[in-house]
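In case you want the letters, here they are:
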Amino acid sequence: MTSTEQHHPGRCSDHLPQLPTGLLIGGQWRESTNDRFTVFDPGTGAALTDVADANIEDAAKAMDAAATAQSEWAATAPRERSQILRRAYDAVIASTEEFARLITLEMGKSLTEARGEVAYGAEFLRWFSEEAVRIDGRYTIAPNGQSRLLVTRKPVGPCLMITPWNFPLAMATRKVAPALAAGCTMIIKPSELTPLTTLRFAQVLQEAGVPDGVVNVLTTTHAAEVAQHLITDPRLRKVSFTGSTAVGRTLLAQASENVLRTSMELGGNAPFLVFEDADLDAAVQGAVAAKLRNIGEACTAANRFYVHESVEVEFTSRLADEFTRQRIGHGTAPDTDLGPLINESARTKVEALVDDAIRRGATIVTGGTRKTGPGWFYEPTVLNNVPSEADIMSHEIFGPVAPICTFRNENQAIDYANNTQYGLIAYAYTRDAARMLRLPERLETGMLGINSGVISNPAAPFGGVKQSGLGREGGHEGMDEYLDTMYVGIADPTC
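Residues numbered from 1 in each chain as written. Predicted model: local features only at pLDDT ≥ 70, side-chain atom pairs only at ≥ 80, totals over all residues. Heavy atoms only, no water.

### What about the pairing of strand β18 (residues 425–429)?
Here is step 1: With respect to burial, β18 is a largely interior element, five of its five residues being buried.
Here is step 2: Taking every second residue as pointing to the same face, both faces of β18 are buried, with Ile425, Tyr427 and Tyr429 on one and Ala426 and Ala428 on the other.
Here is step 3: In terms of strand pairing, strand β12 (residues 270–274) meets β18 through three bridges, oriented parallel. Pairing of Phe272 across the sheet is with Tyr427, part of β18.
Here is step 4: Of the crossover connections in this fold, the one passing from β18 over helix α13 (residues 433–442) to the parallel strand β19 (residues 447–450) is right-handed. (Buried < 20%, exposed > 50% of the residue type's maximum accessible area, 1.4 Å probe, protein only. Helix = DSSP H or I, 4+ residues; strand = E, 2+ residues; numbered from the N terminus. Pairing = 2+ DSSP bridges. Right-handed = clockwise from strand over helix to strand, strands pointing away.)

If you want it as structure tokens, here you go:
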């Protein structure tokens, strides 16, 4: 911890680990010239602490720091970058309980799920520590034999990373790790709803040996102004964003002015298909995982359930039983399965979608109401007989609600699944091997889980098609997003 590190315990400091609450710029923790803002516990509505509220002046300083550090960081040996990432992985794993509690307090998910996020998020650090030393190129003879073709890859340059609130550690590591491995400096702008985990993670990166200026963090309630200022700076070379499609479109338009590289992980509307030959035991458990993971507040959450008419009654009944068994409470309570939604606005949105579906003829099988008391809780809900025109079938729910419709045959199921502007992920349960081969060819999606409700993996490329985004995070493909390709033609003097 540096001597300039800013600590403002706030109003619930007994619940928080000791962590910085200032801005990280050029290796120093500092206050903003602006005010501070409050971070709340969604399980109680109580204030946790206050953090620095960055403005465009702070953004300019962060950009200066990232640009200044870029050339030296790009020249750092791949093995050194690899070792820093590996130390960061070890540190995050060693601090699992601290990170899990922090995630739960500011985001709401249960401690069990928060621990899962820590393990998942840390794995990006380990994966890309291994990829850092495997950046390749090629050397070949030109077809006419008169020159040599050298292809090499080098870091894109300073990046802006805008992360969401729903996975405050994993969304940061998924962007930061490949950028560091590739040799890029960065400015991280976490969500104002869950900035504390990112601040603690940045501290871990410092302790792991990341040089000053390579990683800069701006917490702010002025996201649009700060992002636009950075995007218009000619020294910025890439924007990576996870969030809504509407905001993604705005950022893409802004990025086009300087022709920036972009990675966009945007909205989803995931279909969950249950065919007539499905293993219903597995399908129900997969549905619970795909729908209720992270309280339904995940872009990968199953959003629309299409069930073959021959198994719909049994599937719906069994899914409702599982939803009813879920224990709702504050995420830190040891017996909690489902925590609160992130804020009152999120709960109101879920309520509006359920109410609209009911007005249009849907039936509540279980749930359908908010939980009384402090915090923003909503009961896990199953709806059936949901008409296709209901808003809940075309809008991302981001809550613990499963709307169920029926289909008659495979073609109809695929038509239903593809009838959306989004294409992030889809799920399908079937025991037909031939169908398993057909579905990837016919479904318009970037990812597909077959007989599995959770498929995210740091070793695999994460991303969508259509208006679910551009680019991929994770896997070998995740490194490509932070590398430019350069071709060098070398004349053969003997020709």
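From this point on, the discussion continues.
### Topic: the pattern of salt bridges
Here is step 1: Taken as a whole, this structure holds 32 salt bridges when the rule is applied.
Here is step 2: Ionic pairing is found between Lys109 and Glu117, a salt bridge with its closest N-O pair at 2.5 Å.
Here is step 3: Relative accessible area serves as the criterion here: at 2%, Glu117 is assigned to the buried category.
Here is step 4: Several salt bridges share partner residues, and in doing so they unite Glu276, Asp277, Glu410, Arg435, Arg438 and Arg442 into one network. (Salt bridge = Lys/Arg side-chain N within 4 Å of Asp/Glu carboxyl O.)

### Details of the nonpolar core
Here is step 1: Counting 95 residues, the largest nonpolar core has Val92, Leu180, Met186, Leu196, Phe201, Val215 and Ile392 as its most contacted members.
Here is step 2: Apart from the residues lying within four places of it in its own chain, the contact partners of Ile392 are Asn303, Leu353, Ala357, Leu383, Val386, Ile397, Val401 and Pro403.
Here is step 3: In this structure, Ala278, Phe315, Leu338 and Tyr429 belong to the second largest nonpolar core, which totals 30 residues. (Core = buried A, V, L, I, M, F, W, Y, C linked by side-chain atoms within 4.5 Å. Contact = heavy atoms within 4.5 Å.)

### So, the packing of helix α2 (residues 78–94) against helix α6 (residues 196–208)
Here is step 1: For the pair α2 and α6, the least separation of the axes is 9 Å and the interaxial angle reads 130°. Here α6 runs oblique to α2, going by the angle between their axes. For α2 against α6, the interelement crossing comes out right-handed. Contacts between α2 and α6 involve Ile84, Arg87, Ala88, Ala91 and Val92 from the first element and Phe201, Val204, Leu205 and Ala208 from the second. (Axes fitted to C-alpha atoms, helices over the stretch in contact; angles between N-to-C directions. Parallel < 35°, antiparallel > 145°, perpendicular 65-115°, else oblique. Left-handed = near helix turned anticlockwise from the far one by under 90°.)

### Focus: the packing of helix α3 (residues 96–107) against helix α4 (residues 111–131)
Here is step 1: Look at α3 against α4: their axes get within 8 Å of each other, and the N-to-C directions meet at 120°. It follows that α3 is oblique to α4 by the angle criterion. Relative to α4, α3 is oriented so that their crossing is right-handed. Each of Thr96, Glu97, Phe99, Ala100, Arg101, Ile103 and Thr104 in α3 lies in contact with α4, whose residues at this interface are Leu111, Ala114, Arg115, Glu117 and Val118.

### Looking at the environment of Arg293
Here is step 1: Along the chain, Arg293 falls in the loop between α9 (280–292) and β13 (302–308).
Here is step 2: In this structure Arg293 comes out as partly exposed when scored by relative accessible area, which is 22%.
Here is step 3: When the C-alpha atoms of Arg293 and Val454 are compared, they prove to be 8.8 Å apart, with 161 residues separating the residues in sequence.

### Considerations on α2
Here is step 1: For α2, spanning 17 residues, the distance from its first C-alpha to its last is 24 Å, which sits close to the expected 24 Å at 1.5 Å a residue.
Here is step 2: The complete set of buried residues in α2 reads Arg81, Ser82, Ile84, Leu85, Ala88, Tyr89 and Val92. For α2, the angular spread of the buried residues around the axis is 160°, confining them to a single face.
Here is step 3: The inward-facing, buried residues of α2 abut α1 (56–74), α3, α4, α5 (170–182) and α6. (Expected span 1.5 Å × (residues − 1). Arc of directions from axis to C-beta.)

### Notes on α1
Here is step 1: Taking 1.5 Å per residue, 19 residues should reach 27 Å; α1 reaches 26 Å between its end C-alpha atoms and fits that length.
Here is step 2: At Thr68, α1 shows its largest kink, close to 25°.
Here is step 3: For α1, every residue scored as buried is listed here: Asp58, Ala59, Ala62, Met63, Ala65, Ala66, Ala69, Gln70 and Trp73.
Here is step 4: The distance from a side-chain oxygen at the start of α1 to the backbone nitrogen of Glu57 is 3.1 Å, and the residue carrying that oxygen is Asn55. (Bend = angle between axes of the 7 residues up to and from the residue. Polar contact = N/O pair within 3.5 Å; in protein donor to acceptor, adjacent residues only side chain to side chain.)

### Let's talk about unusual backbone geometry
Here is step 1: Positive phi is not limited to glycine here, since Phe398 has a value of about 55°.
Here is step 2: As for its position among the elements, Phe398 is in the loop between β15 (381–384) and β16 (401–407).
Here is step 3: Not every positive phi belongs to a glycine, and Lys466 is a case in point at roughly 50°.
Here is step 4: Turning to its location among the elements, Lys466 is positioned in strand β20 (residues 465–466).

### Some thoughts on a nonpolar patch on the surface
Here is step 1: Judged by side-chain polarity, Tyr139, Leu150 and Ile490 come together as a nonpolar surface patch covering roughly 270 Å² of accessible area.
Here is step 2: Relative to the helices and strands, Tyr139 resides in strand β5 (residues 138–141). (Patch = residues over 30% accessible without salt bridge, like charges linked within 9 Å, V, L, I, M, F, W, Y side chains within 5 Å. Areas by Shrake-Rupley, 256 points an atom, 1.4 Å probe, with all protein chains shown as cover.)

### Quick look at the environment of Thr49
Here is step 1: Mapped onto the elements of the fold, Thr49 is located in strand β4 (residues 47–52).
Here is step 2: Note: C-alpha distance between Thr49 and Val354 (305 residues apart in sequence) is 33 Å.

### Things to note about the sheet that holds strand β14 (residues 363–366)
Here is step 1: Strand order in this open sheet of seven strands is β14-β15-β16-β13-β12-β18-β19, and the pairing throughout is mixed. Because the sheet does not close on itself, it has two edges, and the strands there are β14 and β19. Strand-to-strand twist across the sheet, computed as the mean angle between neighbouring axes with direction ignored, equals 25°.

### Observations regarding the sheet that holds β5
Here is step 1: Here we have three strands laid out as an open sheet, ordered β5-β6-β22, and antiparallel in their pairing. Sheet topology places β5 and β22 (483–491) at the edges, where each strand pairs with a single neighbour. Along the sheet, successive strands turn relative to each other by an average axial angle of 20°, direction set aside.
Here is step 2: Bridge count between strand β6 (residues 147–155) and β22: nine bridges; the pairing is antiparallel. Directly across from Thr152, in β22, lies its bridge partner Met486.

### Structural notes on the pairing of strand β7 (residues 159–162)
Here is step 1: What you see with β7 is no split at all: Cys159 and Met161 on one side and Leu160 and Ile162 on the other are buried throughout.
Here is step 2: The pairing of β7 with strand β8 (residues 186–189) spans four bridges and is classified as parallel. Along β8, the bridge assignment pairs Met161 with Ile188.
Here is step 3: Each parallel crossover has a hand, and for β7 linked through α5 to β8 it is right-handed.
Here is step 4: Relative to strand β10 (residues 238–242), β7 runs parallel, the two sharing four bridges. Paired with Met161 across the two strands is Ser240, which belongs to β10.

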